[in-house]
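Descriptive structure summary
The primary structure of each chain is shown beneath.
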Amino acid sequence: MKFISWNIDSLNAALTSSSNRAILTRAVLSSIRDEDPDLFAVQETKLPPTGLSKKHKEILEKEFQDYSYVYVTSKEEARKSYAGTMIFYKKDLECKATYPEIGAPGSMDMEGRIVTLEFKDFYFSTVYTPNAGDGLKRLSDRQVWDKKYLEYCQELDKNKPLVLCGDFNVAHKEIDLANPNNNHFSAGFTDEERTGFTNLLEGGFVDTFRLINGDVEGKYTWWAQRIKTSKINNSGWRIDYFLVSQRIKDRVKKSHMMDSGQRQDHTPIILEIDL
């Protein structure tokens, strides 16, 4: 099976805006469609609590006519049009969707951060992990999230193997970002966040990119938009991952990044696995 994951940074803008960035985003969506994945997960949809509009649905039905989809948005208790996750899956696949709340602090459970699909032989779950924020003001809550998320994943893993994907908002090791020395106190590379990700791996899951590609350097999934030359100079971070349960790691065939061209921010990632 082939899976793709992408932090799209506003599905609404991708579908309806005429900006240059939206045009670049739609080009990436077209490339994803050409890859013909069995499942395609999206993070940071930024949809309102009311969900997809009629226009959105019409566009999706035209552009992804071979897919059904499920999604969750931020609720009224959280910031409007914030976060949000979504999964597209081929219409011939049978699955059951859940939208878990994991007991995270503050408004995190209200922000639409997790969608999980249950198939006959495995789970597929996408996550948009909370950012520690400017000044690391959300770091302590993020640490609680990491603990609760691990517990949630381990409960699923007791029943069936699990494929996890999404924007985990952490570069795990120094090899996972271009300038580690300057970022030890930056959101996404603090010792606390890295430890949280280590705990996830040690809790029964495998980073498929490192499994397949070893310690290859200079491979990233995100380049800061506010720095115009970040992608040109490949000054990036690897913060998007496909993880799998330890017991199915030998079934992984490929794990790599897609080319998103001139578009900065996140690039899609691909997993091919025998399930």
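Residues numbered from 1 in each chain as written. Predicted model: local features only at pLDDT ≥ 70, side-chain atom pairs only at ≥ 80, totals over all residues. Heavy atoms only, no water.

1. Digging into the environment of His 256
Mapped onto the fold, His 256 is located in strand E12 (residues 252-257). In this structure His 256 comes out as partly exposed when scored by relative accessible area, which is 30%. Put simply, His 256 and Arg 79 are 177 residues apart on the chain and 33 Å apart in space, counted from C-alpha to C-alpha. Beyond its immediate sequence surroundings of up to four residues, His 256 is in contact with Phe 209, Ile 269 and Ile 270. (Helix = DSSP H or I, 4+ residues; strand = E, 2+ residues; numbered from the N terminus. Buried < 20%, exposed > 50% of the residue type's maximum accessible area, 1.4 Å probe, protein only. Contact = heavy atoms within 4.5 Å.)

2. Some thoughts on the sheet that holds strand E7 (residues 123-128)
Strands sit in the order E5-E6-E7-E8-E11-E9 across an open sheet of 6 strands; the sheet is mixed. Every interior strand has two partners, whereas the edge strands, strand E5 (96-98) and strand E9 (205-207), have only one. For this sheet, the mean angle separating the axes of adjacent strands, direction not counted, is 20°. When E5 meets strand E6 (residues 114-118), the two strands line up antiparallel, connected through 3 bridges. Looking at E6, one finds that Ala 97 is bridged to Leu 117. (Pairing = 2+ DSSP bridges. Axes fitted to C-alpha atoms, helices over the stretch in contact; angles between N-to-C directions.)

3. Let's talk about helix H4 (residues 139-159)
Counted at 1.5 Å a residue, the expected span for H4 with its 21 residues is 30 Å, and the 31 Å between its end C-alpha atoms agrees. Along H4, the residues classified as buried are Leu 139, Arg 142, Trp 145, Asp 146, Tyr 149, Leu 150, Tyr 152, Cys 153, Leu 156 and Asp 157. (Expected span 1.5 Å × (residues − 1).)

4. Thoughts on the nonpolar core
Membership of the largest hydrophobic core comes to 24 residues, with the highest contact counts inside it found for Phe 3 and Phe 124. Those elements giving two or more residues to this core turn out to be strand E2 (39-43), strand E3 (67-72), strand E4 (85-90), E6, strand E8 (162-167), strand E11 (240-245), E12 and strand E14 (269-273). With 3 residues, E14 is the single largest residue contributor to this core. If sequence neighbours within four positions are ignored, Phe 124 has contacts with Phe 3, Leu 39, Ala 41, Ile 87, Val 115, Thr 116, Leu 117, Phe 119, Val 163, Cys 165 and Phe 242. If you look at the next biggest cluster of nonpolar residues, it comprises 22 residues, including Ala 104, Leu 162, Leu 164 and Phe 168. (Core = buried A, V, L, I, M, F, W, Y, C linked by side-chain atoms within 4.5 Å.)

5. So, the UniProt feature "active site" (unreviewed entry) in the protein
On the UniProt side, "active site" (unreviewed entry) is annotated at positions that read Tyr 128, Asp 167 and His 266 here. Judged by maximum C-alpha separation, these annotated positions cover 139 residues in sequence but sit close together in space, the widest gap being only 12.5 Å. Among the residues examined, Tyr 128 registers a relative accessible area of 9% and is labelled buried. When sequence neighbours within four positions are dropped, the list of residues in contact with Tyr 128 reads Asn 7, Gln 43, Glu 44, Ala 83, Thr 85, Arg 113, Asp 167 and Asn 169. A polar contact of 3.3 Å, which involves the side chain of Tyr 128, links it to the side chain of Glu 44. (UniProt positions renumbered as here; feature names shortened; annotations may be inferred. Polar contact = N/O pair within 3.5 Å; in protein donor to acceptor, adjacent residues only side chain to side chain.)

6. Some thoughts on the state of the cysteines
Enumeration over the complete set of coordinates arrives at 0 disulfides. The thiol of Cys 153 is unpaired, and the distance to the nearest cysteine sulfur, on Cys 165, comes to 11 Å. Judged by its relative accessible area of 0%, Cys 153 is buried. Cys 165 gets classed as buried once you look at its relative accessible area, which sits at 0%. (Disulfide = S-S within 2.5 Å.)

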